[in-house]
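# Topology and contacts: notes
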Amino acid sequence: MPAVRLENLTKRFLTTAAVDSVNLSIDSGEFVVLVGPSGSGKTTCLRMIAGLETVTSGSIFIGDRDVADVHAKDRDVAMVFQSYALYPHMSVAENMGFALKIKKVASAEIERRVREVAATLDIVEELPRKPRTLSGGQQQRVALGRAIVRDPAVFLFDEPLSNLDAKLRMAMRSELIKLHHRLDTTMIYVTHDQIEAMTMGDRIVVMNEGRIQQVGAPLAVYDDPSNAFVAGFIGSPTMNLLNGTVRQRQGAFAFNTDDLSFDLPPSHVAAAGGAITIGIRPELLSLEAIPDAVEMAGKIETVEHLGADTILELSTAGPALVAKLARNDQVRYGDSVRLWVDAEKILAFDGATGERLRAQPPLNP
Ligand SMILES: Nc1ncnc2c1ncn2[C@@H]1O[C@H](COP(=O)(O)OP(=O)(O)O)[C@@H](O)[C@H]1O
Ligand SMILES: [Mg+2]
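Cut-offs used in this document
Residue indices begin from 1 for each chain and proceed along its sequence in written order. Both sets of labels track the order of writing: A upward for chains, 1 upward for ligands. This being a predicted model, a pLDDT of at least 70 is required before a residue's local features are given, and a value of 80 or more before pairs of side-chain atoms are given or counted; all residues contribute to the totals for chains, interfaces and linings. Heavy atoms from the whole structure form the basis of all side-chain values; hydrogens and water molecules are not counted. Helix numbers and strand numbers start at the N terminus; a helix is a DSSP run of H or I with at least 4 residues, a strand a run of E with at least 2. Remark: exposure states derive from per-residue accessible area (1.4 Å probe, protein chains only) relative to the maximum for the residue type, with buried under 20%, exposed over 50%, and partly exposed in between. Every residue pair with non-hydrogen atoms within 4.5 Å of one another is taken to be in contact. All accessible areas in this document rest on Shrake-Rupley with a 1.4 Å probe, and a residue is counted as covered only by the protein chains that are shown. Positive charges come from Lys and Arg alone, negative charges from Asp and Glu alone, with His and the N- and C-terminal ends not counted. Every charge is mapped to an atom, namely NZ of Lys, CZ of Arg, CG of Asp or CD of Glu. Structural elements are reduced to axes, namely lines fitted to C-alpha atoms, with helices fitted over the stretch in contact, and the angle between N-to-C directions of any two is expressed from 0 to 180 degrees. Should an angle lie under 35 degrees it is considered roughly parallel, over 145 roughly antiparallel, and from 65 to 115 roughly perpendicular; all remaining angles are considered oblique. Left-handed describes a crossing whose near helix is turned anticlockwise from the far helix by less than a right angle; the clockwise case is right-handed. Following the grouping adopted for this structure description, the nonpolar residues are Ala, Val, Leu, Ile, Met, Phe, Trp, Tyr, Cys and Pro, the charged ones are Asp, Glu, Lys and Arg, and the polar ones are all others, Gly among them. Throughout this document, a residue counts as near a molecule or strand when at least one of its heavy atoms sits within 4 Å of that molecule or strand. Here a polar contact is recorded for every N or O atom pair within 3.5 Å, except that within protein the pair must consist of a potential hydrogen donor and a potential acceptor, and residues adjacent in sequence are included only if both atoms are side-chain atoms. Salt bridges are defined by distance alone: a side-chain nitrogen of Lys or Arg within 4 Å of a carboxyl oxygen of Asp or Glu.

## Some thoughts on the overall build of the chain
- For the chain, the helix and strand inventory stands at nine helices and 20 strands.
- Projected onto its principal axes, the C-alpha coordinates of the chain cover approximately 80 × 50 × 40 Å.
- Counting only residues that meet the buried cut, the chain has 48% of its 365 residues in that class.
- Residue pairs in contact within the chain that sit at least 24 positions apart in sequence constitute 65% of those at least 6 positions apart.
- Summed over its atoms, the accessible surface of the chain is roughly 17,900 Å², and 50% of this surface lies on carbon and sulfur atoms.
- In the chain, 38 positive and 46 negative side-chain charges are present, and the distance between their average locations comes to 7 Å.

Right under this line is the structure:
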């Protein structure tokens with residue numbers, strides 16, 4: 001039985017559908033990340049699961065229960081927000097134990113559980129302190145601790161690390177992954193940050209404009225995006241997406257954009273009637289010749305040395321391209337270079353709808 005199941009879940013605010021017919025089944029113990037740009041409906045989705053937002057249509061099941069008529073406090077979920085929402089007049093211990101106190105759990109038991117969770121989060125010494133005396137990272141731990149103490153069936157996280165600086169965010173990211181391994185509880189995590197999604201999720205759910213665009217394991221989505229939106233959203237640096245046209249030329253398919261033109265394998269473009277978008281991951285572009293590959297001329301416009309990697313921005317006869325190379329200290333701003341990319345690895349999308357054009361199996365001879 002899935003831990004959480006959403007069926008045609010929809011939320012309208014006046015005329016706009018913030019969440020539009022979302023279907024999703026989450027396994028028990030799974031860490032699922034909803035990821036998408038601001039306004040794509042992630043928070044609204046989470047708030048409906050938590051019972052903090054009414055549902056326009058569709059259903060939510062937690063375990064085998066349809067929770068339509070179940071009050072937020074009885075759903076056995078705990079939500080952690082971006083704003084830690086700690087009670088300022090209560091100590092850390094009181095904040096962490098508050099939900100149990102409301103449930104009339106005995107105070108000795110509350111104290112025991114609060115201390116136990118505080119120990120795993122390394123905030124035992126902070127227990128008597130007030131939230132305002134803590135750093136952002138410590139406050140976030142308290143907010144986490146307050147959720148863990150309740151021992152819920154499902155954790156809901158809404159961008160819980162967004163207010164932390166980059167270094168702390170990375171540290172908390174790996175702590176949350178470890179916490180998930182330890183607790184083995186179902187977690188639904190919302191973020192706009194695709195790197196966070198890729199590194200944390202067992203599966204990621206890419207959302208845009210209230211709709212699910214794709215669901216899958218991080219690398220499966222990376223390798224096999226189902227449309228141009230997902231292709232451009234997942235991955236850093238972002239995939240090169242080139243809008244152009246394709247036409248048949250002496251038995252081959254020629255892709256054209258501005259003054260740039262090269263042949264694509266027929267398998268990529270069998271379904272394209274004119275407008276096409278092609279996608280090239282930056283790491284697929286090479287400054288070294290690849291046999292039988294697409295070759296083009298470029299000029300280096302920027303060089304970023306990141307240490308292990310070197311990122312180039314190149315101008316071409318068509319759109320600018322971003323290339324990700326292994327460390328390369330030979331390249332210079334202004335250099336004219338040749339670029340190669342294995343045509344079989346280029347992705348193709350319908351130029352009008354953005355839908356992926358799948359490689360067609362070759363016809364039997
Ligand atoms: N209470 C509300 N009233 C009206 N519109 C809302 C409300 N909450 C969210 N929205 C709209 O719903 C859409 C989705 O919002 P939200 O779920 O917060 O997205 P995300 O969390 O992905 O940034 C946005 O267009 C937002 O403006
Ligand atoms: Mg949000």
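## Side note on the packing of helix H2 (residues 92-102) against helix H3 (residues 107-121)
- Relative to each other, H2 and H3 sit at 130°, their axes nearing to 9 Å. Taken together, the axes of H2 and H3 lie oblique to each other. Our pair here, H2 against H3, has a crossing hand that is right-handed. Of the residues in H3, those in contact with Ala-93, Met-96, Gly-97, Leu-100 and Lys-101 of H2 are Ile-110, Arg-113, Val-114, Val-117 and Ala-118.
- Classifying every residue of the contact of H2 with H3 by side-chain character gives seven nonpolar, one polar and two charged.

## Things to note about H2
- Taken together, the buried positions of H2 are occupied by Val-92, Asn-95, Met-96, Gly-97 and Leu-100.
- Lys-104 lies just past H2 and shows a positive phi near 65°.

## Thoughts on the site of ligand 1
- Every residue lining ligand 1 is accounted for by Phe-13, Ala-18, Pro-37, Ser-38, Gly-39, Ser-40, Gly-41, Lys-42, Thr-43 and Thr-44.
- Within the backbone of Ser-40, an N or O atom sits 3.1 Å from an oxygen atom of ligand 1.
- With respect to ligand 1, the side chain of Thr-43 contributes an N or O atom lying 2.8 Å from an oxygen atom.
- Burial of ligand 1 by the protein amounts to 56% of the accessible area it has alone, namely 560 Å².
- For the shell around ligand 1, the per-class residue count stands at three nonpolar, six polar and one charged.

## Details of the environment of Val-190
- Structurally, the position occupied by Val-190 is in strand E8 (residues 186-191).
- Through-space distance from the C-alpha of Val-190 to that of Leu-6 is 16 Å; in sequence the pair is 184 residues apart.
- Among all residues touching Val-190, those that are not within four sequence positions of it are Leu-34, Lys-42, Leu-46, Phe-157, Asp-158, Glu-159 and Pro-160.

## Regarding the pattern of salt bridges
- Under the criterion given, the structure shown has 15 salt bridges.
- For the salt bridge of Glu-109 with Arg-112, the shortest nitrogen-to-oxygen distance reads 3.1 Å. You can see Glu-109 and its partner Arg-112 sitting in helix H3, three residues apart, about one turn around the helix.
- Judged by relative accessible area, which is 27%, Glu-109 ranks as partly exposed.
- A relative accessible area of 44% places Arg-112 in the partly exposed class.
- Overlapping salt bridges bring together Glu-109, Arg-112, Arg-113 and Glu-116 as one network.

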